[in-house]
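# An overview of the molecular structure
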Amino acid sequence: MQNAPESSLVGQEYEVEIGPVAHGGHCIARTDEGQVLFVRHTLPGEKVVARITEGEQDSRFLRADAVRIIEASKDRVEAPCPYSGPGKCGGCDWQHAKPGAQRRFKGEVIAEQLQRLAGLTPEEAGWDGTVMPAPGDKLPPGEVPAWRTRVQYAVDAEGRIGLRKHRSHDVQPIDHCMIAAPGVTELGIEKQDWPQMETVEAIAAIGSSDRQVVLTPRPGGRLPLVELDRPVSVLRVEERDGSVHRVHGRAFVRERADDRTYRVGMGGFWQVHPQAADVLVTAVMQGLLPRKGDMALDLYCGVGLFAGAIADRVGEQGAVLGIESGKRSVEDARHNLQHFERVRIEQGKVEQVLPRTGINEVDLIVLDPPRAGAGKQTVKQLAALGARRIAYVACDPAALARDLAYFREGGYKPRTLRAFDLFPMTHHVECVAILEPAAKGL
């Protein structure tokens, strides 16, 4: 039963002391009545006026924006982006924080999630507590790394390009996204209107000159004639079923990582930061230390990034099985790894495909699950395979911590954990945990 409208607290303002950072790009505070506030656009230790954006009198917690800073943190800078701030673009969470502080906040969130959901201290997780910047991203306060090689722009009712506001379908019109990679910006998408479009996604490949635009028309909308500042391929998302079709140009872009070229088709998944694929492959390989002849699994394998890296290192006597649910990604992975005779890619959900393979023992496992994590059932299946080492690549520290707890039930413990700031200015962070059997001696 819904509360009466008069119980809404939206628009109410409170003067509050800001507490620690929380998972999701906000900090925690409390009203005088004791209600928990999740406050954006603020920093730990500040005193601010917080305006409620979501919540009612009996809500378990309220969401708010800091609309006036009374006492500022030493970590605060003026947001470089004119579209950052209360009620504006929701793409970045930490434009108002020094880069070093952003990484420290992300480290605090990882530590809190590990402790709360897995009962692990940083030491027990094999982590030194630091979040490493990507190569080339260590910039002074007030400068913004232009890292995002894939940007999905929203389009408002007038056809103006923009980005979504926080937790909203409303569009903030923009004329430039500061975190967009140069290859995206140079297309000139932000310079023109896009009538009848719902979204316009721009993709600028790394290691090739491939550029791609993926258009999602509004219901009944017709595609515009796409004339941009650089040559691009154009794809269309079908209203009927969400499938993606080529309009003109290549149906794929060529990405580069670990000295190998990967085909990524129809707007498929690839790491967004230009250094991310290499950073993660290096961390995974350093953690797994593949040996000649090893049998390995690459789960949620996408277009085969980790499968290719492992196959290179286990040699002709080794073997790799990749499992991926996306049909197009499976086709790309098979294409990308076709010259490896002992690499096989299967399509389907990991928890369904893995039991059908008949595999009951492997040497190495790498998994890079979606944001929700692998889950208890899948982790139980993996722990039963007796792998020497498992590499878990995680884009969400809460999901990672939950799955680490499940792995502990299955007899595995973290050997090392590394964290990388591959999403500067946002609350997102990438982790690589290396697990080994708990019974293994030091």
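Before any of the text, the structure's been laid out above.
A short tour of the structure in this document, coming up. Because the structure is a prediction, the values reported are computed rather than measured. Each chain carries its own residue numbering, running from 1 in the written order of its sequence. pLDDT decides what is reported in this predicted model: residues at 70 or higher carry local features, side-chain atom pairs at 80 or more are listed and counted, and totals for whole chains, interfaces and linings draw on all residues regardless. Side-chain measures here rest on the full set of heavy atoms in the structure, leaving out hydrogens and waters.

Turning our attention to the overall build of the chain. Numbering goes from the N terminus for both helices and strands, where a helix is a DSSP run of H or I of at least four residues and a strand is a run of E of at least two. On a plain count of helices and strands, the chain comes out with 8 helices and 23 strands. Against the 2.2 N^0.38 benchmark of 22 Å for 442 residues, the chain shows a C-alpha radius of gyration of 23 Å, consistent with a compact globule. Each of the three principal axes of the chain carries a C-alpha extent, and together these read 65 × 55 × 50 Å. Only protein chains enter the accessibility calculation, which uses a 1.4 Å probe. A residue is then buried if its area is under 20% of the maximum for its type, exposed if over 50%, and partly exposed in between. A burial count over the chain gives 54% of its 442 residues as buried. Residue pairs at least 24 apart in sequence account for 62% of intrachain contacts in the chain once pairs closer than 6 positions are excluded. Methods summary: accessible areas were calculated by the Shrake-Rupley approach with a probe of 1.4 Å, and residue burial reflects only the protein chains presented. When the accessible surface of the chain is split by element, carbon and sulfur atoms take 48% of a total near 20,100 Å². Based on C-alpha atoms, the radius of gyration is set beside the globule rule, defined as 2.2 Å times the residue count to the power 0.38. Contacts: residue pairs with any heavy atoms within 4.5 Å of one another.

Below, the discussion takes up the environment of Ile-189. Following the sequence through the fold, Ile-189 ends up in the loop between α2 (182-185) and β11 (197-204). Ile-189 sits in the buried class, given a relative accessible area of 2%. A C-alpha to C-alpha distance of 24 Å links Ile-189 and Leu-422, two positions 233 residues apart in sequence. For Ile-189, the residues in contact, after removing those within four places along its chain, are Tyr-153, Ile-161, Trp-194, Val-200, Ala-202, Val-213 and Leu-228.

Two rings from Phe, Tyr or Trp (for Trp, the six-membered ring) form a pair when their centres sit within 6.5 Å of each other. Planes less than 30 degrees apart are called stacked, planes more than 60 degrees apart edge-to-face, and all others tilted. Scanning the entire structure with this criterion turns up 5 aromatic pairs. Their ring planes at 50° and their centres at 5.2 Å tell us that Trp-94 and Phe-105 sit as a pair that is tilted. Of this pair, Trp-94 sits in the loop between β6 (61-71) and α1 (99-118) while Phe-105 sits in helix α1, and the two are 11 residues apart along the sequence. In this structure Phe-105 comes out as buried when scored by relative accessible area, which is 3%. With centroids separated by 5.6 Å and ring planes inclined at 40°, the aromatic side chains of Tyr-262 and Trp-270 adopt a geometry described as tilted. Considered together, Tyr-262 and Trp-270 belong to a single accessibility category, that of buried residues. Over the ring of Phe-252 we find Arg-263, and its NZ or CZ is 5.7 Å from the ring centre. Remark: a charge is flagged as sitting over a ring if the NZ atom of Lys or the CZ atom of Arg is within 6 Å of the ring centre and within 35 degrees of the ring normal.

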